[in-house]
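# Results of the structural survey
Residues per chain are reported as follows:
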Amino acid sequence: MLRPAIQLCALGVLVACAAPPPGTTQEDAARFDAAAGSLGCTLRDEGDYLAMEIQTGLARQQLLDLAAHRLSTGGAERLPDGGVKLTTGACA
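Time to look at helix α4 (residues 60-72). Between its first and last C-alpha, α4 extends 18 Å over 13 residues, near the 18 Å set by a 1.5 Å rise per residue. What α4 keeps buried is the set Leu 63, Leu 66, Ala 67, His 69 and Arg 70. Mapping the buried residues of α4 onto a view down its axis gives an arc of 160 degrees, with all of them on the same face. On the buried face of α4, the contacting elements are α2 (26-38), α3 (46-56) and β2 (76-78). Two residues or fewer past α4, Gly 74 is found with a positive phi of approximately 85 degrees.

Our next topic: the confidence of the model for the protein chain. Parts of the model with low pLDDT should not have their predicted coordinates read in detail. Scored by pLDDT, the protein chain has a mean of 86; 82% of the residues are at 70 or more. Counting contacts from residues 8-15, a segment whose pLDDT is below 50, to residues more than four positions away or on other chains yields one contact.

Formed by 16 residues in total, the largest nonpolar core has its most connected members in Phe 32, Tyr 49, Met 52, Leu 63 and Leu 86. Elements that contribute at least two residues to this core include exactly α2, α3, α4 and β3 (84-86). Among the elements that make up this core, the one with the highest residue count is α2 (four residues). Ignoring sequence-local partners within four residues, the contact set of Leu 86 consists of Phe 32, Asp 33, Ala 36, Cys 41, Gly 75, Ala 76 and Cys 91.

Reading the values: the criteria
- Residues numbered from 1 in each chain as written.
- Predicted model: local features only at pLDDT ≥ 70, side-chain atom pairs only at ≥ 80, totals over all residues.
- Heavy atoms only, no water.
- Helix = DSSP H or I, 4+ residues; strand = E, 2+ residues; numbered from the N terminus.
- Expected span 1.5 Å × (residues − 1).
- Buried < 20%, exposed > 50% of the residue type's maximum accessible area, 1.4 Å probe, protein only.
- Arc of directions from axis to C-beta.
- Contact = heavy atoms within 4.5 Å.
- pLDDT = per-residue confidence, 0-100.
- Core = buried A, V, L, I, M, F, W, Y, C linked by side-chain atoms within 4.5 Å.

In structure tokens, the structure reads:
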């Protein structure tokens with residue numbers, strides 16, 4: 001019975017460590033997470049993405065790619081208003 005639980009935990013670790021999207025690095029992803037945390041873990045509008053650009057030094061497309069990556073790997077959820085809320089790391 002314990003074995004499936006261990007496998008599930010291992011899968012979670014692998015997803016969390018998945019390679020970032022093309023054009024970004026693990027360091028970019030870490031800066032993205034830290035900046036999102038400073039904004040309350042939600043990205044809703046132009047102001048949020050501008051603040052992210054300033055804090056991370058990343059281009060808008062890189063931020064969008066990282067947000068999409070978080071959504072596809074379960075590290076974020078889509079909000080009803082169209083925004084994104086991170087759900088891992090400091091935002092868990």
